Amino acid sequence: MADIRGADMRKPSKRRRFDPAGPVTGLFFLALAGLFLADGLADENVLPATTLLPVVLIGLGLVGTVRVLTRSRRRDLR
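Only a predicted model underlies this, so the values are computations on that prediction, with no experimental measurement involved.

Draft legend 1. Region of interest: the environment of V63. Among the secondary structure elements, V63 is positioned in helix α2 (residues 49-69). Residue V63 is classed as buried on the basis of its relative accessible area, which comes to 8%. Remark: the alpha-carbon pair of V63 and G22, spanning 41 residues in sequence, is separated by 9.1 Å. Each residue touching V63, except ones within four places of it in the same chain, is listed here: V24, T25 and F28.

Draft legend 2. Region of interest: α2. Helix length check: α2 (21 residues) gives 30 Å between terminal C-alpha atoms against 30 Å at 1.5 Å per residue, within 8%. Of all the positions in α2, only L52, V56, G59 and V63 are classed as buried. The buried residues of α2 occupy one face: seen down the axis, they fall within an arc of 70°. α2 presents T50, L53, L57, I58, L62 and L69 as exposed residues on the side facing more than 90 degrees away from its buried surface. Where α2 is buried, its residues touch α1 (21-41).

Draft legend 3. Up close: the packing of α1 against α2. The N-to-C vectors of α1 and α2 enclose an angle of 170°; their axes lie 9 Å apart at closest approach. Judged by the inter-axis angle, α1 sits roughly antiparallel to α2. On α2, the residues touching A21, V24, T25, F28, F29, L32, L35 and F36 of α1 are L52, V55, V56, G59, L60, V63, V66 and R67. Tallied by class, residues from the contact of α1 with α2 come to 13 nonpolar, two polar and one charged.

Draft legend 4. Layout of the environment of V55. Note on placement: V55 falls in helix α2. Of the residues examined, V55 reaches a relative accessible area of 36% and is grouped as partly exposed.

Draft legend 5. Spatial organisation of the packing of aromatic side chains. Summed over the entire model, instances satisfying the criterion amount to one aromatic pair. When the ring of F28 is compared with that of F29, the centres are 5.1 Å apart and the planes differ by 65°; the resulting orientation is edge-to-face. Take F28: its relative accessible area is 15%, and that puts it in the buried class. Overall, F29 belongs to the partly exposed group, its relative accessible area being 42%.

Each value, and the rule that gives it
Residues numbered from 1 in each chain as written. Predicted model: local features only at pLDDT ≥ 70, side-chain atom pairs only at ≥ 80, totals over all residues. Heavy atoms only, no water. Helix = DSSP H or I, 4+ residues; strand = E, 2+ residues; numbered from the N terminus. Buried < 20%, exposed > 50% of the residue type's maximum accessible area, 1.4 Å probe, protein only. Contact = heavy atoms within 4.5 Å. Expected span 1.5 Å × (residues − 1). Arc of directions from axis to C-beta. Axes fitted to C-alpha atoms, helices over the stretch in contact; angles between N-to-C directions. Parallel < 35°, antiparallel > 145°, perpendicular 65-115°, else oblique. Nonpolar A, V, L, I, M, F, W, Y, C, P; charged D, E, K, R; others polar. Phe/Tyr/Trp six-rings, centres within 6.5 Å; stacked < 30°, edge-to-face > 60°.

Note that every value here comes from positions in space, so none of it alone points to a role or purpose.
Rendered as structure tokens:
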């Protein structure tokens, strides 16, 4: 006789793999927020705008690269 709660109908669980895209993105934006906070609380500029803009663009490029490289893992996690 089948289980009333439907335990026999459950799909077999897939092995979960680590997806580094989320943590890398989170760390980047956390570091960026720290830079902006330090710049706002300090009397002097922590990083000049000519340095901050390339740092932001390079970081976004790295985050995008990690997301593209791990796209297949995110597709399997759904």
